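Residue-level structural notes
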Amino acid sequence: MSLTLVAAVADNGVIGADGDIPWRISEDFAHFKALTMGGVLIMGRATFESIGRPLPGRTTIVLTRDPSWPPGEGFAGVLVAPGMDQALDLAADLPGEVFVVGGSSVYAAALPHATHQVLTEVHLAPVGDTRYPAFDRSAWTEVRREPHLDADIPYEFVWWERA
């Protein structure tokens, strides 16, 4: 099974601050939507709650150890798994490519299983409380880079495959 980690990562490794993304790049949101449409999204409970709803056109698996989650209405079609292994087992039986979309501990748990990463390198160094896990770049091959250095916030889309 192909497993792709998708994240926007600042130059200092920050991916979040106080449950939100510390920048707004509309092209990155469009890129994320185009990349993940029709796929399966694996995310942590806090990431799901920061989005506030299942994203249309995608199946959502939420990782949480809270057996009483989800809390109520509005979660139709959202699958729940207590850990990464169970989420991957669920995803294996679903149609579409599988993407891990946050947060930090979910990325860290998925990284050993990942076959691909699609990272938006955001050329900022914001203050934040959530970071993308460090990874051994020698174990990965950069296969494509799409720079957008003239944007209001400079960024680059980068595709990695496990070497």
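- Per an unreviewed UniProt entry, the protein goes by Dihydrofolate reductase and derives from Nocardioides marmorisolisilvae.
- In the Sequence similarities (unreviewed entry) part of its UniProt record, the protein is described as follows: "Belongs to the dihydrofolate reductase family."
- Taken verbatim from the UniProt record of the protein, the Pathway (unreviewed entry) comment is "Cofactor biosynthesis; tetrahydrofolate biosynthesis; 5,6,7,8-tetrahydrofolate from 7,8-dihydrofolate: step 1/1."

1. Focus on the overall build of the protein
- Looking only at helices and strands, the protein features four helices and 10 strands.
- Starting at the N terminus and walking to the C terminus, you meet the elements of the protein as β-β-α-β-α-β-β-α-β-α-β-β-β-β.
- What you see for the protein is a C-alpha radius of gyration of 15 Å, in line with the 15 Å of a compact globule of 163 residues.
- Dimensions along the principal axes, computed over C-alpha positions, put the protein at roughly 45 × 35 × 25 Å.
- The buried share of the protein, taken over its 163 residues, is 44%.
- For the protein, contacts bridging at least 24 residues in sequence account for 61% of all contacts bridging at least 6.
- If you sum the accessible surface of the protein, you get close to 8300 Å²; carbon and sulfur atoms cover 53% of it.
- Charge separation in the protein, taken as the distance between the mean sites of 11 positive and 21 negative side-chain charges, equals 1 Å.

2. Looking at the packing of aromatic side chains
- Applying the stated criterion across every chain, the model contains seven aromatic pairs.
- Centroid distance F135 to W160: 5.7 Å. Interplanar angle 80 degrees. Geometry classified as edge-to-face. Here the residue F135 occupies a position in the loop between β8 (130–131) and β9 (140–148), and W160 occupies one in strand β10 (residues 155–162), the gap between them amounting to 25 residues.
- These aromatic residues form a ring-pair network of at least three members: Y107, Y132, F135, W140 and W160.
- Between R144 and the ring centre of W159, over which it is positioned, the NZ or CZ distance is 3.9 Å.

Conventions we followed
- Residues numbered from 1 in each chain as written.
- Predicted model: local features only at pLDDT ≥ 70, side-chain atom pairs only at ≥ 80, totals over all residues.
- Heavy atoms only, no water.
- UniProt positions renumbered as here; feature names shortened; annotations may be inferred.
- Helix = DSSP H or I, 4+ residues; strand = E, 2+ residues; numbered from the N terminus.
- Rg over C-alpha atoms; globule rule 2.2 N^0.38 Å.
- Buried < 20%, exposed > 50% of the residue type's maximum accessible area, 1.4 Å probe, protein only.
- Contact = heavy atoms within 4.5 Å.
- Areas by Shrake-Rupley, 256 points an atom, 1.4 Å probe, with all protein chains shown as cover.
- Lys, Arg positive; Asp, Glu negative; His and termini not counted.
- Charge placed at Lys NZ, Arg CZ, Asp CG, Glu CD.
- Phe/Tyr/Trp six-rings, centres within 6.5 Å; stacked < 30°, edge-to-face > 60°.
- Lys NZ or Arg CZ within 6 Å of the ring centre and 35° of its normal.

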